[in-house]
Number of protein chains: 2
Amino acid sequence: MEKELYVKMALSGWHGQNKRVQLLLDKLTDEQLNRQVSPGRNRGIYLMGHLATVSDMMLPLLGLGKPLNPAMQEIFVNVPDGAVKELPSIEKISEYWKEVNAALDAGFSEMKADDWFGPHTVVNEEDFKKDPGRNKLNIVLSRTSHLAYHFGQLALLQSVQKEA
Amino acid sequence: MEKELYVKMALSGWHGQNKRVQLLLDKLTDEQLNRQVSPGRNRGIYLMGHLATVSDMMLPLLGLGKPLNPAMQEIFVNVPDGAVKELPSIEKISEYWKEVNAALDAGFSEMKADDWFGPHTVVNEEDFKKDPGRNKLNIVLSRTSHLAYHFGQLALLQSVQKEA
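Draft legend 1. Quick peek at the overall build of chain A. When helices and strands are tallied, chain A shows nine helices and zero strands. Along chain A, helices (α) and strands (β) appear in the sequence α-α-α-α-α-α-α-α-α when read from the amino end. For 164 residues, the compact-globule estimate of 2.2 N^0.38 gives 15 Å, and the C-alpha radius of gyration of chain A, at 17 Å, lies within 12% of that figure. Counting only C-alpha atoms, chain A reaches 45 × 35 × 25 Å along its principal axes. Within chain A, the proportion of its 164 residues that are buried is 52%.

Draft legend 2. Focus on the layout of surface pockets. One number sums up the size of the largest pocket: a volume of about 640 Å³. Lining the largest pocket are 34 residues, and of these A:Leu141, A:Ser145, B:Leu141, B:Thr144 and B:Ser145 sit closest to its centre. Taken together, the elements giving at least two residues each to the lining of the largest pocket come down to helix 1 (2–27) and helix 9 (136–154) of chain A together with helix 1 (2–27) and helix 9 (136–154) of chain B. When its residues are assigned to classes, the lining of the largest pocket shows eleven nonpolar, 18 polar and five charged.

Draft legend 3. Inspection of the pattern of salt bridges at higher detail. Residue and element names in this part refer to chain A. A full pass over the atoms with the stated rule returns twelve salt bridges over all chains. A salt bridge links Lys-3 to Asp-114, with the nearest nitrogen and oxygen atoms 2.4 Å apart. Of this pair, Lys-3 sits in helix 1 while Asp-114 sits in helix 7 (residues 113–116), and the two are 111 residues apart along the sequence. Residue classification places Lys-3 among the buried positions, given a relative accessible area of 16%. Classification of Asp-114 by relative accessible area gives exposed; the value is 51%. In this structure, Asp-127 engages Lys-130 in a salt bridge whose closest nitrogen and oxygen atoms are separated by 3.8 Å.

Draft legend 4. The packing of helix 1 of chain B against helix 6 (residues 90–110) of chain B, seen in detail. Residue and element names in this part refer to chain B. Close contact between helix 1 and helix 6 brings their axes to 13 Å; oriented N to C, the two are set at 160°. Here helix 6 runs roughly antiparallel to helix 1, going by the angle between their axes. Like other packed secondary-structure pairs, helix 1 and helix 6 cross with a definite hand, here left-handed. Residues Leu-11, Trp-14, His-15, Asn-18, Val-21, Gln-22 and Leu-25 of helix 1 lie in contact with helix 6, whose contacting residues are Trp-97, Lys-98, Asn-101, Leu-104, Asp-105 and Phe-108. Here the residues of the contact of helix 1 with helix 6 are counted per class, giving seven nonpolar, four polar and two charged.

Draft legend 5. Spotlight on the interface of chain B and chain A. Taken together, the contacts link 43 residues of chain B with 44 residues of chain A. Where chain B abuts chain A, roughly 3800 Å² becomes buried across the two surfaces, and 58% of that area is made up of carbon and sulfur atoms. Viewed at the interface, chain A and chain B are joined by four salt bridges. Note that A:Lys3 and B:Glu2 form a salt bridge whose closest N and O atoms lie 3.0 Å from each other. Summed over the shared surface of chain B and chain A, the result is twelve residue pairs in polar contact (both at pLDDT 80 or more). Of all the secondary-structure elements, those providing two or more residues to the side of chain B that touches chain A are helix 1, helix 3 (44–56) and helix 9 of chain B. Looking at the side of chain B that touches chain A, the element that brings in the most residues is helix 9 of chain B, giving eleven residues. Class assignment of the residues belonging to the side of chain B that touches chain A gives a composition of 19 nonpolar, 16 polar and eight charged.

Draft legend 6. Highlighting empty space enclosed by the protein. A full pass over the atoms with the stated rule returns one cavity of 30 Å³ or more. As for the largest cavity, its lining consists of B:Trp14, B:Leu51, B:Val54, B:Ser55, B:Met58, B:Arg143, B:His146 and B:Leu147.

Draft legend 7. Region of interest: the packing of aromatic side chains. Per the counting criterion, the structure on display carries ten aromatic pairs over all chains. Centroid distance A:Tyr6 to B:Phe117: 5.1 Å. Interplanar angle 40°. Geometry classified as tilted. Of this pair, A:Tyr6 sits in helix 1 while B:Phe117 is found in the loop between helix 7 (113–116) and helix 8 (125–130), placing the two residues in two different chains. On the accessibility criterion, B:Phe117 (10% relative accessible area) is buried. An aromatic cluster is present here, built from A:Tyr6, A:Phe117, B:Tyr6 and B:Phe117 joined pairwise through their rings. The side chain of A:Arg20 reaches across the aromatic face of B:Tyr149, ending 5.8 Å from its centre.

Draft legend 8. Broad picture of the relation of the copies chain B and chain A. Of the transformation placing chain B onto chain A, the axial shift is 0.0 Å and the rotation is 180°, giving an RMSD of 0.0 Å. In short, the pair behaves as if placed about a two-fold rotation axis. The share of interface residues of chain B whose copies in chain A are also at the interface is 100%, consistent with both copies meeting through the same surface.

Draft legend 9. Structural view of the environment of B:Leu137. For B:Leu137, the position within the fold is in helix 9. C-alpha separation for the pair B:Leu137 and B:Ala52, spaced 85 residues apart in sequence, amounts to 19 Å. Contact partners of B:Leu137, with chain neighbours within four places excluded, come to A:Met9, B:Tyr6, B:Val7, B:Ala10, B:Trp116 and B:Phe117.

Definitions and cut-offs
Residues numbered from 1 in each chain as written. Chains lettered and ligands numbered in written order. Predicted model: local features only at pLDDT ≥ 70, side-chain atom pairs only at ≥ 80, totals over all residues. Heavy atoms only, no water. Helix = DSSP H or I, 4+ residues; strand = E, 2+ residues; numbered from the N terminus. Rg over C-alpha atoms; globule rule 2.2 N^0.38 Å. Buried < 20%, exposed > 50% of the residue type's maximum accessible area, 1.4 Å probe, protein only. 1 Å grid on protein atoms, 1.4 Å probe; cavity = no way out; pocket = protein on both sides within 12 Å on 5 of 7 lines; lining within 4 Å. Points joined across faces, edges and corners; volume = space filled by probe spheres on them. Nonpolar A, V, L, I, M, F, W, Y, C, P; charged D, E, K, R; others polar. Salt bridge = Lys/Arg side-chain N within 4 Å of Asp/Glu carboxyl O. Axes fitted to C-alpha atoms, helices over the stretch in contact; angles between N-to-C directions. Parallel < 35°, antiparallel > 145°, perpendicular 65-115°, else oblique. Left-handed = near helix turned anticlockwise from the far one by under 90°. Contact = heavy atoms within 4.5 Å. Buried area = accessible area lost by both parts, 1.4 Å probe. Polar contact = N/O pair within 3.5 Å; in protein donor to acceptor, adjacent residues only side chain to side chain. Phe/Tyr/Trp six-rings, centres within 6.5 Å; stacked < 30°, edge-to-face > 60°. Lys NZ or Arg CZ within 6 Å of the ring centre and 35° of its normal. Least-squares fit on C-alpha atoms with pLDDT ≥ 70 in both.

Structural data, given as structure tokens:
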């Protein structure tokens, strides 16, 4: 019962952030997404691809299968914005983002509360024994913060109106 | 046992973000903190005060006492950057931020795992019964995301070097 509650809390935080990012992406124009979030910084389109790819990489970490599109890591994770001459189109990245979220949701729905407290796939048994916090649910918590971090940057692409 | 583990996971996420923000603040010059994170957006100094104040407001929410400096809410929460002519000095905000974090840590150390799963002070009993996820620990989870959101913005004040 309690386990279920923690899982619900963590997943609800994750879904809440994802929903807010989705609402923002729906609002931003292609022109806005092609801008840098601040002079000399990552463009919106890059951050969008970065977030989708990092979410995609959660699938293997959580033991939910292979990433849907591992090639994206070479574009959006291993190298900074600007390194790859032509990024996939905004439309393509947007589809990818939605597919990844659907795959994660499908995987999540198969997981029992106990599964979430098992080790994620990159921690070894010994380290997990020492620190049982290195479980799958913790991946969700840390990826929620990662999402919020870049969401704060993407939010700067909106037409200027004060936000706090 | 599981409760303790879950509390540990949430607090470790909170402390991890705070530590990263602190490291960044230690690195940023006053000149950088006085800049806007992107043209027309909040200045670093405002965001720093905003984060300290929102953390201060966690004290009453968690039943840990009154905010250390409620007057800050009028400057950093209720109005956007620019509304108040002269902000407190960076030095003063930095002290405030450290005092707030010390007060939170002191309060956290008194809390038992069960306390974290009690209602926060703004949810009423009936709503809490309907959704026991509206507990004190959830405040920590949502404030961790809030911290990460603005941390992503503050990070843009660093000298330009690619970050992902």
